Amino acid sequence: MNIPKKRLVAVAALAGVTAFPTAAIADPGDSADVDVTVDITPIKEPGVLALTVAGTAVALQENGSTLTVRQFTGTLPTVTVTDTRTADEIPAGAGWAVLGSASDFTGTAGQAPITADHLGWKPRLVDGGNSEGQVSEGEEVVTSLDEPTQPGNNVGLTDQELLVSTYDSASVTGDAYSVNADLFLRTPADVAAGSYKSKLTLSLFE
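Residues numbered from 1 in each chain as written. Predicted model: local features only at pLDDT ≥ 70, side-chain atom pairs only at ≥ 80, totals over all residues. Heavy atoms only, no water.

1. As for the sheet that holds strand E5 (residues 96-102)
Next, step 1: Across the sheet, which stays open at both edges, the 4 strands sit in the order E8-E9-E5-E12 with antiparallel pairing between neighbours. Of all strands in the sheet, those with a lone pairing partner are strand E8 (135-137) and strand E12 (200-205), marking the two edges. When strand polarity is set aside, the average angle formed by the axes of neighbouring strands in this sheet is 15 degrees.
Next, step 2: Alignment of E5 against E12, held across 6 bridges, turns out to be antiparallel. Following the sheet pairing, Ala 102 is matched in E12 by Leu 200. (Pairing = 2+ DSSP bridges. Helix = DSSP H or I, 4+ residues; strand = E, 2+ residues; numbered from the N terminus. Axes fitted to C-alpha atoms, helices over the stretch in contact; angles between N-to-C directions.)

Take a look at the structure:
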């Protein structure tokens, strides 16, 4: 008798099923433990380049005046630049700098303002970290009443003047660097008496 081919396939499949042994049945009360573990790594926060200033005000005091020029001096609160980034978080060829500029001194009693070109500074590196000279303070900026100590630097703090900088951020990462500055306000001897106020803005750029 000739059985159709598709019938033979069905029979072979059935025979294959009946060839498997019956599954074992566990005894009542048997148990097994499975340890489940996981390693959770700390969240990696990206590093930051940050600026902090150890104070929000400085009062200038008269010191070193002459018959023609009155001078008022003080010290800029310490400025610290901290870089906690890794080298691969820093753009290639990047450098950072802190720049400062001042507004005009306005009189609290309505007296004529003292323009910002009368305020100068002399930056001083307080802590260079482990930079080996790769972080440095800016040059002295004198006032419009002074002879330039170098070409074009008797403009006072009218524009963004350099306080501290590095040319290579990647080479000085992972450290902190501190700087302050001698501040001096120089005015004509006939400046109007009274209280004056200016805002010195410090900005960190990279």
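2. Overview of the side chain of Thr 166
Next, step 1: Relative to the helices and strands, Thr 166 is located in strand E9 (residues 161-166).
Next, step 2: Exposure remark for Thr 166: the relative accessible area of 6% places this residue in the buried category.
Next, step 3: Those residues in contact with Thr 166, other than ones at most four positions away along the chain, are Gly 95, Trp 96, Gln 134, Val 135 and Val 172. (Buried < 20%, exposed > 50% of the residue type's maximum accessible area, 1.4 Å probe, protein only. Contact = heavy atoms within 4.5 Å.)

3. A look at the packing of aromatic side chains
Next, step 1: Going through the model one piece at a time under the given rule, you end up with 1 aromatic pair.
Next, step 2: The interplanar angle of 40 degrees and the centroid separation of 6.1 Å between the aromatic rings of Trp 96 and Tyr 177 together place this pair among those described as tilted. Taken together, the positions of Trp 96 in strand E5 and Tyr 177 in strand E10 (residues 175-188) put the pair 81 residues apart, joining distant regions of the chain. Here Trp 96 matches Tyr 177 in class, with each residue buried.
Next, step 3: The ring centre of Phe 184 lies 4.1 Å from the NZ or CZ of Arg 186, which sits over that ring. (Phe/Tyr/Trp six-rings, centres within 6.5 Å; stacked < 30°, edge-to-face > 60°. Lys NZ or Arg CZ within 6 Å of the ring centre and 35° of its normal.)

4. Re the nonpolar core
Next, step 1: By size, the foremost hydrophobic cluster in this structure holds 24 residues, and its most contacted members are Leu 76, Trp 96, Trp 121, Leu 163 and Leu 202.
Next, step 2: Only strand E4 (79-83), E5, strand E7 (119-127), E9 and E10 provide two or more residues apiece to this core.
Next, step 3: When residues of this core are assigned to their parent elements, the largest contribution, 5 residues, is made by E10. (Core = buried A, V, L, I, M, F, W, Y, C linked by side-chain atoms within 4.5 Å.)

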